[in-house]
Amino acid sequence: MEQLKVDFNKVIESLKLSEKSINSRKENLNQFVENGFPNKRAEDWKFSDLNQIISSNIENLRFHTDFEISEIDETTFIDKFAHNKIIFLNGVISKVDFSSEDDTKVLITRDLNQNENSKEVNSLVSLNNALIASYIRVTVKENYSMNEPLIIYNITTKELKSTAINLKTDIVLEKNSSLKLIDLFDDSSENNFINIVQNFDIAQDAILKNYKIDHKKNSNIKYSYNNINLEKNSISENFIFSTGSKFIKNEINCNLNDEYSSAFINGIINLTNSQHHEIKTNINHLAENTKSYQLIKSVLNENAKGIYQGKIYVDSKAQKTNGYQLSKALLLSENTEFDGKPELEIYADDVKCSHGATSGNLDEDAIFYLMSRGLSNQQSKELLINGFLLDAVEKITDIEIKDLIKNMIGITE
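Just so we're clear, the structure is a prediction, and the values are computed from it rather than from any experiment.

Can you lay out the overall build of the protein for me, pointing to particular residues and giving the numbers?
Assigned secondary structure in the protein consists of seven helices and 19 strands. Against the compact-globule benchmark of 22 Å for 413 residues, the protein has a radius of gyration of 21 Å, which places it among compact chains. Here the C-alpha coordinates of the protein stretch approximately 70 × 50 × 45 Å along the principal axes. In the protein, the share of contacts with a sequence separation of at least 24, taken over all contacts with a separation of at least 6, comes to 84%. Counting only carbon and sulfur atoms, one obtains 43% of the accessible surface of the protein, whose full area is about 17,800 Å². One way to put it: in the protein the 46 positive side-chain charges average out to a point 1 Å from where the 61 negative ones average out.

See the structure below:
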């Protein structure tokens, strides 16, 4: 923790912050120091001891770096469709490009003093609040639909080592606006801790389509926290493709604050070679006539560990709630592990809520049938795995993004 305090002072010295912001950061730093990195004693981390994972994989973790690269390898950019860009390069905002949009309808704020730090969510959010050096808020104005998707490129290069990177983005959708957002991780670095916090405020009749893609194999440790607030008749569609990092925990907290708001969370965990990934969701139904749907598919091989913790909370005011949650896992070798923790906490009586979880192996009879039709054993297994994953991918409502993710997974139809 001594290194953390030294690096915290370096961060403060490098930024032009108001006294209010500095004091807020100090409060968040103290909250992190008090609690530290989460371990198994915390119920939410019972399957993933982050303190142990970091200490086992990263030596002499630093919390500040003045290392910066100005050039970007543009081959990392998606070329399947035109899009807006925000580029984080080794934790620093390198480029912001909204040239296809009406600049009176899309407002960009990068002032760290205007960052409203949330407190007491958990120790990792506190760490993020204390140390972020680059921040951006995107506001889509009332009645405006973005012409092109926004891709946030989270790029790290091989020069970055043993460093904690903290990234923060706020997205505000005003009434009757819409945004398609892709969070894409492209890591050439190894053995770093990357801590991402995103807040979404989605006003009445607004639509967010949010896709998180961690697809490039690397040895980094990641934590991603999304807080989503939904107002009347708004929609949040979320998809997680989790296959690249050594460890990542994607956590989504979604508050359905007003009637007819809807939240959809679908995801894929596809792991091998001792990777350890977790998805954790909290869906809070806080008003009448709200709806949520969750489907998580996991494919685990070669000592991999996958976890899904999902909770549906229904407040006493949230009559006529409709909540659904399902997790399915394929275990492809004896040494894999899948842990599931589905929860329902319901205080209203006029609701439709259900959850389920299954895990098992590939169907040997199905493999035999496909081999009898001329496929090899490996081809038969790949076809069955792709069919298993396709159910989650098909929930994506944007055709271009659906095709992009299918291509990354290797699904062919």
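Back to the write-up after that little detour.
Lay out the pairing of strand S1 (residues 84-89) in plain terms, naming residues and giving numbers.
Among the six residues in S1, six count as buried, and that is most of the element. Here S1 shows two buried faces, one formed by Asn 84, Ile 86 and Phe 88 and the other by Lys 85, Ile 87 and Leu 89. Bridge analysis of S1 against strand S2 (residues 92-97) gives five bridges, and the strand direction is antiparallel. Directly across from Ile 86, in S2, lies its bridge partner Val 96. Counted along the chain from S1 to the antiparallel partner S2, the turn is two residues long, and its residue Asn 90 has a positive phi close to 50 degrees.

An account of the packing of aromatic side chains is needed here, citing residue identities and associated values.
Within the structure shown, the criterion is met by six aromatic pairs. On the basis of an interplanar angle of 45 degrees and a centroid distance of 5.7 Å, the ring pair of Trp 45 and Tyr 223 is categorised as tilted. Residue Trp 45 is located in the loop between helix H2 (19-35) and helix H3 (50-57), and its partner Tyr 223 is located in strand S10 (residues 221-230); the two are separated by 178 residues in the primary sequence. For the pair Trp 45 and Tyr 223, a shared accessibility class is recorded, and that class is buried.

Give me the lowdown on the environment of Glu 394, citing residues and values where you can.
With respect to the helices and strands, Glu 394 occurs in the loop between helix H6 (377-393) and helix H7 (399-409). By relative accessible area, which is 33% here, Glu 394 ends up partly exposed. Separated by twelve residues in the primary sequence, Glu 394 and Lys 406 place their C-alpha atoms 9.3 Å from one another. Separated by 3.2 Å, the side chains of Glu 394 and Lys 402 make a polar contact.

Before we move on, could you go through the packing of helix H1 (residues 2-14) against H2 and cite the residues and values that matter?
Direction vectors running N to C along H1 and H2 enclose 165 degrees, while the axes themselves pass 12 Å from each other. As summarised for this structure, H1 and H2 are arranged roughly antiparallel, according to the angle between their axes. The two elements H1 and H2 cross, and the hand of that crossing is right-handed. Residues Leu 4, Phe 8, Val 11 and Ile 12 of H1 form the contact with H2, whose participating residues are Ile 22, Arg 25, Lys 26, Leu 29, Phe 32 and Val 33. Class assignment for the residues of the contact of H1 with H2 results in eight nonpolar, no polar and two charged.

With reference to specific residues and values, describe H1.
Here H1 is 13 residues long and its end C-alpha atoms lie 19 Å apart, about the 18 Å a rise of 1.5 Å per residue gives. Within the span of H1, buried status applies to Leu 4, Asp 7, Phe 8, Val 11 and Ile 12. The buried side chains of H1 occupy one side of the element, clustering within an arc of 145 degrees when seen end-on. For H1, the exposed residues lying more than 90 degrees away from the buried face are Glu 2 and Glu 13.

Give a detailed account of the nonpolar core, specifying residues and quantitative values.
In terms of nonpolar packing, the biggest core is built from 45 residues, with Ile 86, Leu 173, Leu 179, Ile 202 and Cys 254 touching the most fellow members. Ile 78, Leu 330, Ile 385 and Leu 390 belong to the second largest nonpolar core, which has 33 residues in total.

Residue-level account of the sheet that holds S10, with values.
The sheet built from nine strands is open, its strands ordered S3-S4-S6-S8-S10-S12-S14-S16-S18 with mixed pairing. With one partner strand each, in any of the chains shown, strand S3 (106-109) and strand S18 (337-346) form the two edges of the open sheet. Each strand of the sheet is rotated relative to its neighbour by a mean of 10 degrees, with strand direction disregarded. Here ten bridges tie S10 to strand S12 (residues 247-256), and the two strands are oriented parallel to one another. The residue of S12 that forms the bridge with Lys 222 is Ile 248. Sitting on the sheet, H3 touches strand S8 (193-202), S10, S12 and strand S14 (276-285), and the angle it makes with S10 is about 145 degrees.

What counts, and where the lines are drawn
- Residues numbered from 1 in each chain as written.
- Predicted model: local features only at pLDDT ≥ 70, side-chain atom pairs only at ≥ 80, totals over all residues.
- Heavy atoms only, no water.
- Helix = DSSP H or I, 4+ residues; strand = E, 2+ residues; numbered from the N terminus.
- Rg over C-alpha atoms; globule rule 2.2 N^0.38 Å.
- Contact = heavy atoms within 4.5 Å.
- Areas by Shrake-Rupley, 256 points an atom, 1.4 Å probe, with all protein chains shown as cover.
- Lys, Arg positive; Asp, Glu negative; His and termini not counted.
- Charge placed at Lys NZ, Arg CZ, Asp CG, Glu CD.
- Buried < 20%, exposed > 50% of the residue type's maximum accessible area, 1.4 Å probe, protein only.
- Pairing = 2+ DSSP bridges.
- Phe/Tyr/Trp six-rings, centres within 6.5 Å; stacked < 30°, edge-to-face > 60°.
- Polar contact = N/O pair within 3.5 Å; in protein donor to acceptor, adjacent residues only side chain to side chain.
- Axes fitted to C-alpha atoms, helices over the stretch in contact; angles between N-to-C directions.
- Parallel < 35°, antiparallel > 145°, perpendicular 65-115°, else oblique.
- Left-handed = near helix turned anticlockwise from the far one by under 90°.
- Nonpolar A, V, L, I, M, F, W, Y, C, P; charged D, E, K, R; others polar.
- Expected span 1.5 Å × (residues − 1).
- Arc of directions from axis to C-beta.
- Core = buried A, V, L, I, M, F, W, Y, C linked by side-chain atoms within 4.5 Å.

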